[in-house]
Amino acid sequence: MSIEVQSPFSNVKDSCEFVNKIQNLNIPDDHLLVSLDVTYLFTNVPTDLAIDAVSRKCDQIKNNIQIPLDQLVWINITFKNVTYSQTFGFLMGSPLSPILSDLVMEDLKTRSLNSLKFKTTFYHRYVDDILLTVPSGLIDCTVSDYNQYHERLQFTFEVEANNRISLLDRYMNFESHHPTNQKVANIYNLLDRGILLTDYSFHSKNIYLIKHVLALNNYPEKLVNRCIKN
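Cut-off values and rules
Residues numbered from 1 in each chain as written. Predicted model: local features only at pLDDT ≥ 70, side-chain atom pairs only at ≥ 80, totals over all residues. Heavy atoms only, no water. Phe/Tyr/Trp six-rings, centres within 6.5 Å; stacked < 30°, edge-to-face > 60°. Helix = DSSP H or I, 4+ residues; strand = E, 2+ residues; numbered from the N terminus. Lys NZ or Arg CZ within 6 Å of the ring centre and 35° of its normal. Expected span 1.5 Å × (residues − 1). Buried < 20%, exposed > 50% of the residue type's maximum accessible area, 1.4 Å probe, protein only. Arc of directions from axis to C-beta. Contact = heavy atoms within 4.5 Å. Pairing = 2+ DSSP bridges. Patch = residues over 30% accessible without salt bridge, like charges linked within 9 Å, V, L, I, M, F, W, Y side chains within 5 Å. Areas by Shrake-Rupley, 256 points an atom, 1.4 Å probe, with all protein chains shown as cover. Salt bridge = Lys/Arg side-chain N within 4 Å of Asp/Glu carboxyl O. Axes fitted to C-alpha atoms, helices over the stretch in contact; angles between N-to-C directions. Parallel < 35°, antiparallel > 145°, perpendicular 65-115°, else oblique. Left-handed = near helix turned anticlockwise from the far one by under 90°. Nonpolar A, V, L, I, M, F, W, Y, C, P; charged D, E, K, R; others polar.

### Some thoughts on the packing of aromatic side chains
Applying the stated rule across the entire model yields three aromatic pairs. Taken together, a centroid distance of 6.4 Å and an interplanar angle of 70° make the contact between F18 and F122 edge-to-face. With F18 in helix 1 (residues 15-21) and F122 in the loop between helix 5 (96-115) and strand 4 (123-126), this residue pair connects regions lying 104 residues apart in the sequence. The ring centre of F174 lies 4.9 Å from the NZ or CZ of K183, which sits over that ring.

### Quick word on helix 7 (residues 180-196)
Spanning 17 residues, helix 7 covers 24 Å between terminal C-alpha atoms, matching the ideal 24 Å at 1.5 Å per step. What helix 7 keeps buried is the set K183, N186, I187, L190, L191 and G194. One face of helix 7 carries all of its buried residues, which in axial projection span an arc of 125°. Exposed side of helix 7, more than 90 degrees from the buried face: N181 and L196 are the residues found there. Where helix 7 is buried, its residues contact helix 8 (203-216) and helix 9 (221-229).

### Considering the pairing of strand 5 (residues 129-135)
Consecutive side chains along a regular strand alternate between the two faces of the sheet. With six of seven residues buried, strand 5 is to be regarded as a mostly interior element. Bridge analysis of strand 4 against strand 5 gives four bridges, and the strand direction is antiparallel. Bridged to H124 within strand 5 is L131. In this structure, the hairpin formed by strand 4 and strand 5 is closed by a connection of two residues, where V127 is found at a positive phi of approximately 55°.

### Some words on a nonpolar patch on the surface
A contiguous nonpolar patch, built from I77, F79, V82 and Y84 and spanning about 400 Å² of accessible area, is present on the exposed surface. Only strand 2 (75-79) and strand 3 (82-86) provide two or more residues apiece to the nonpolar patch. By the secondary structure assignment, F79 is in strand 2.

### Remarks on the pattern of salt bridges
This structure, assessed with the given rule, holds four salt bridges. The salt bridge involving R125 is made with E106; its shortest N-O contact spans 3.3 Å. Here R125, found in strand 4, pairs with E106, found in helix 5; they are 19 residues apart in sequence, far enough to count as distant. Using a relative accessible area of 1% as the deciding quantity, one classes R125 as buried. Taking the relative accessible area as the measure of exposure, E106 reaches 11% and is therefore buried. Each of D102, E106, K109 and R125 takes part in one network of salt bridges that share partners.

### Re the packing of helix 7 against helix 8
Interaxial distance between helix 7 and helix 8 falls to 9 Å at its minimum, and their mutual angle equals 155°. As judged from the angle between their axes, helix 7 and helix 8 are roughly antiparallel. Remark: the crossing between helix 7 and helix 8 carries right-handed chirality. Residues N186, I187, L190, L191, G194 and I195 of helix 7 form the contact with helix 8, whose own contacting residues are H203, N206, I207, I210 and L214. In terms of residue class, the contact of helix 7 with helix 8 is made up of seven nonpolar, four polar and no charged.

This is the structure in structure tokens:
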């Protein structure tokens, strides 16, 4: 079964697409870039919000689904002949989890943007990471508004400094129990971002930083060098 739900323009699929979208970005003098990040999204999404979000997309998917919407979202677990229903959160690794979480985040965007006391000039999202422009005097108010959407969906935030904004990255340690192909993909991912998304003048410095970070995470030097040469 194949179900296609149109992705909103504000969604970003990867770093390259994000760079293209900000090429001609002009931020008003009284605005700042602010990043918002949901704390543990998948394990905190309320099931009732997911059902509401799927219901709003029903016209696009109803012809491809033969089960009730609540059965699509609810997670039931049976233990010693007693059935328990999970009232919030989705399973990590389930193919449905990112889809349902994304629909909830899109509903949150619509509600929050309509309730803000200003019109943002820039808004883009990747899964649970949001980047938008906010008037400098309304940052705390904006974060508070997002955190009032639901008690289980709470946001941390970061504000730009010196025309830069920090983004959190997590690195897979080579000694972890992930498949080797995922570890190699992690190397290529860092290299792509360090080369394709930056000016040539920064390439040497970026490769040095990437090798340093990977060494700290126990990646073999020969493997890293081979990926760089490729």
